[in-house]
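Secondary and tertiary structure notes
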Amino acid sequence: MSKLTASNLGFLSSTAKCQCKIAPRERKNCGHPGISAADCRKAGCCFNASVPGVPWCFTAKPKKVKKVCPADSRIRVNCGYPGITAKECTSRKCCFRAHPAGVPWCFYHRTVEEGNISQETLPVCPHGCPAAPKQDKLSSPSQWGFRVPRA
């Protein structure tokens, strides 16, 4: 049996330690026999050489994610059309916030890792996300599908 060290008990930095907490008998092999801890981690896998007779390089549990409505209005991806109601927007399973002016009010959720609300990733678009126009190319508010308050 090999000596336990920080390197052979290490985890890939992008893989959370909790994702590698898997019962030894449930591990799914992720590397060839004799793979080093470093090569295992480079492959995105977990490495733990403390239990003989089971894979030491193994697949991590999937990350837990959830849908959230982004707080930053600048990253909203339009999910509606000009004048859409909150009811119609939510029936599309989208977020609705009637503020601020100049951004979509009906917009897609974003997926985030549980316990890490600030790390926002790609929007959840059930039918594919439209390409957002560049800010400097916007010619009218209707391109984004938001309402402009009347004076």
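Nothing here was measured: the structure is a model prediction, and the numbers come from that model.

On to the overall build of the chain. When you go through the chain residue by residue, the secondary structure sums to 2 helices and 7 strands. Residue pairs at least 24 apart in sequence account for 60% of intrachain contacts in the chain once pairs closer than 6 positions are excluded. Accessible surface, the chain as shown: approximately 9800 Å² in total, 56% of it carbon and sulfur.

Considering all chains together, one arrives at 1 aromatic pair under this definition. On the numbers, 6.5 Å between centres and 80° between planes, the contact of Phe 47 with Trp 56 is edge-to-face. Relative accessible area serves as the criterion here: at 4%, Phe 47 is assigned to the buried category. Owing to a relative accessible area of 29%, Trp 56 belongs among the partly exposed residues under this scheme.

Once that is clear, we can look at the state of the cysteines. Taken as a whole and assessed by the stated rule, the structure comprises 6 disulfides. Here Cys 30 connects covalently by a disulfide to Cys 45, the sulfurs 1.7 Å from one another. Within this pair, whereas Cys 30 is found in the segment before α1 (37-42), its partner Cys 45 is found in the loop between α1 and β1 (46-47), the two being separated by 15 residues in sequence. In this structure Cys 30 comes out as partly exposed when scored by relative accessible area, which is 28%.

Within the element layout of this structure, Phe 107 appears in strand β5 (residues 106-107). Placed 18 residues apart in sequence, Phe 107 and Cys 89 show a C-alpha to C-alpha distance of 8.1 Å. When sequence neighbours within four positions are dropped, the list of residues in contact with Phe 107 reads Cys 69, Pro 70, Arg 76, Val 77, Asn 78, Cys 79, Cys 89, Cys 94, Cys 95, Phe 96 and Arg 97.

Moving on, we come to the pattern of salt bridges. Summed over all chains, the structure comprises 2 salt bridges. A salt bridge links Arg 74 to Asp 72; its shortest N-O distance comes to 2.9 Å. Its relative accessible area of 73% is what places Arg 74 among the exposed residues. Notably, a salt bridge pairs Arg 92 with Glu 88, separated by 3.5 Å at the nearest N-O pair.

Attention now moves to the side chain of Asn 78. With respect to the helices and strands, Asn 78 occurs in the loop between β3 (65-68) and α2 (86-91). Only 3.0 Å separates the side chain of Asn 78 from the backbone nitrogen of Gly 80, close enough to count as a polar contact.

So, about the confidence of the model for the chain. Across the chain, the average pLDDT comes to 74, with 64% of residues at 70 or higher. Throughout residues 1-13 the model reports pLDDT below 50, and contacts reaching past four residues in sequence, or to other chains, amount to 29 contacts. Low pLDDT (under 50) marks residues 117-122, which in the prediction has 17 contacts with non-local residues, meaning those over four places away or in another chain.

Cut-offs and rules
- Residues numbered from 1 in each chain as written.
- Predicted model: local features only at pLDDT ≥ 70, side-chain atom pairs only at ≥ 80, totals over all residues.
- Heavy atoms only, no water.
- Helix = DSSP H or I, 4+ residues; strand = E, 2+ residues; numbered from the N terminus.
- Contact = heavy atoms within 4.5 Å.
- Areas by Shrake-Rupley, 256 points an atom, 1.4 Å probe, with all protein chains shown as cover.
- Phe/Tyr/Trp six-rings, centres within 6.5 Å; stacked < 30°, edge-to-face > 60°.
- Buried < 20%, exposed > 50% of the residue type's maximum accessible area, 1.4 Å probe, protein only.
- Disulfide = S-S within 2.5 Å.
- Salt bridge = Lys/Arg side-chain N within 4 Å of Asp/Glu carboxyl O.
- Polar contact = N/O pair within 3.5 Å; in protein donor to acceptor, adjacent residues only side chain to side chain.
- pLDDT = per-residue confidence, 0-100.

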